[in-house]
Amino acid sequence: MSGPIVPGGSGGPSASPRAGVGKTAGERLPEPVTHPQIPQDRYGSRARTTRPRPGRRWLLYAVVLIALVGVSIIGYQNLGSAPIEGKQVAFEILDDSSVRIVVEVERDDPQRPAVCVVRSRAKSGEEIGRREVLIQPAEGVTRQETVLRTSPQPATGEVYGCTYNVPEYLSTHTRPTG
């Protein structure tokens, strides 16, 4: 005995050879995937993603490269080696109101005169004396010795800094008045 014939089922004489292949009774075919439609008048149309033209991309690369080179140059000028460097190599407290300081100066242009500011500090750390010292043009590392007068007793002598900007009163033989 044979069972009831189900349309689209298998085994019946009226069933077509392809009608029941791959599915069982009661199974549905998957529905096609559709993307939900967003109302364009409410949300606007979807933005189209376009690739930038190759010329614009290379222009952008060039601008970024120029900016990086500029930042590197500025950083080197501000943080690179100084054109003139002075350091205290020795100091000696002579008495209660003076200290002798030996300054060593190294510069990138030995033909230019320079000026170094030396100072003395008390034990408390406060500055108690300051003086500008003219460094004459000379080849190589230059050593200059100076005596600095102080008001209270000095504890140390040091170089505050050096520059090529020599004040006029140091570069001429006339002394300031006043």
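Please read these numbers as outputs of a predicted model, since none were measured by experiment.

Enquirer: What is the right way to read the environment of Ala155 from this model?
Expert: Looking at where Ala155 falls in the secondary structure, it is placed in the loop between β5 (142-149) and β6 (156-163). Here Ala155 falls in the partly exposed class, since its relative accessible area comes to 28%. Expressed as a C-alpha distance, the spacing of Ala155 and Ser98, which sit 57 residues apart in the sequence, is 9.9 Å. Residues contacting Ala155, with those up to four places away along its chain left out, are Phe91, Ile93, Arg121, Ala122 and Lys123.

Enquirer: How should I be thinking about the packing of aromatic side chains in this particular structure?
Expert: Where two aromatic rings form a pair, the distance of their centres and the angle of their planes describe that pair. Overall, the coordinates contain 1 aromatic pair when judged by the stated rule. Seen in terms of ring centroids, Trp58 and Tyr61 are 5.4 Å apart; in terms of plane orientation they differ by 80°. Their pairing is edge-to-face. Here Trp58 pairs with Tyr61, and both are found in helix α2 (residues 54-79), just 3 residues apart, close to one helical turn. Overall, Trp58 belongs to the exposed group, its relative accessible area being 58%. Judged by its relative accessible area of 45%, Tyr61 is partly exposed.

Enquirer: Looking at this model, I keep getting lost on the state of the cysteines. Mind explaining?
Expert: Counted by the stated rule, this structure contains 1 disulfide. The disulfide partner of Cys116 is Cys162, and the gap between their sulfur atoms is 1.9 Å. The sign of the S-S torsion, about 105°, decides the handedness of the disulfide formed by Cys116 and Cys162: right-handed. Remark: Cys162 occurs in strand β6 and Cys116 occurs in strand β3 (residues 114-121); sequence separation between them is 46 residues. Neither residue differs from the other here; Cys116 and Cys162 are each classed as buried.

Enquirer: Explain the pairing of strand β2 (residues 98-107) to me, please; I cannot follow it from the model alone.
Expert: If a strand is regular, its side chains alternate between the two faces of the sheet. By the criterion of burial, β2 is predominantly enclosed, with 8 of the 10 residues buried. Relative to β2, strand β1 (residues 84-95) runs antiparallel, the two being bridged by 10 bridges. The partner of Phe91 across the bridge, within β2, is Ile101. A loop of 2 residues connects β1 with β2, the two strands running antiparallel in sequence.

Thresholds, definitions, all that
Residues numbered from 1 in each chain as written. Predicted model: local features only at pLDDT ≥ 70, side-chain atom pairs only at ≥ 80, totals over all residues. Heavy atoms only, no water. Helix = DSSP H or I, 4+ residues; strand = E, 2+ residues; numbered from the N terminus. Buried < 20%, exposed > 50% of the residue type's maximum accessible area, 1.4 Å probe, protein only. Contact = heavy atoms within 4.5 Å. Phe/Tyr/Trp six-rings, centres within 6.5 Å; stacked < 30°, edge-to-face > 60°. Disulfide = S-S within 2.5 Å. Pairing = 2+ DSSP bridges.

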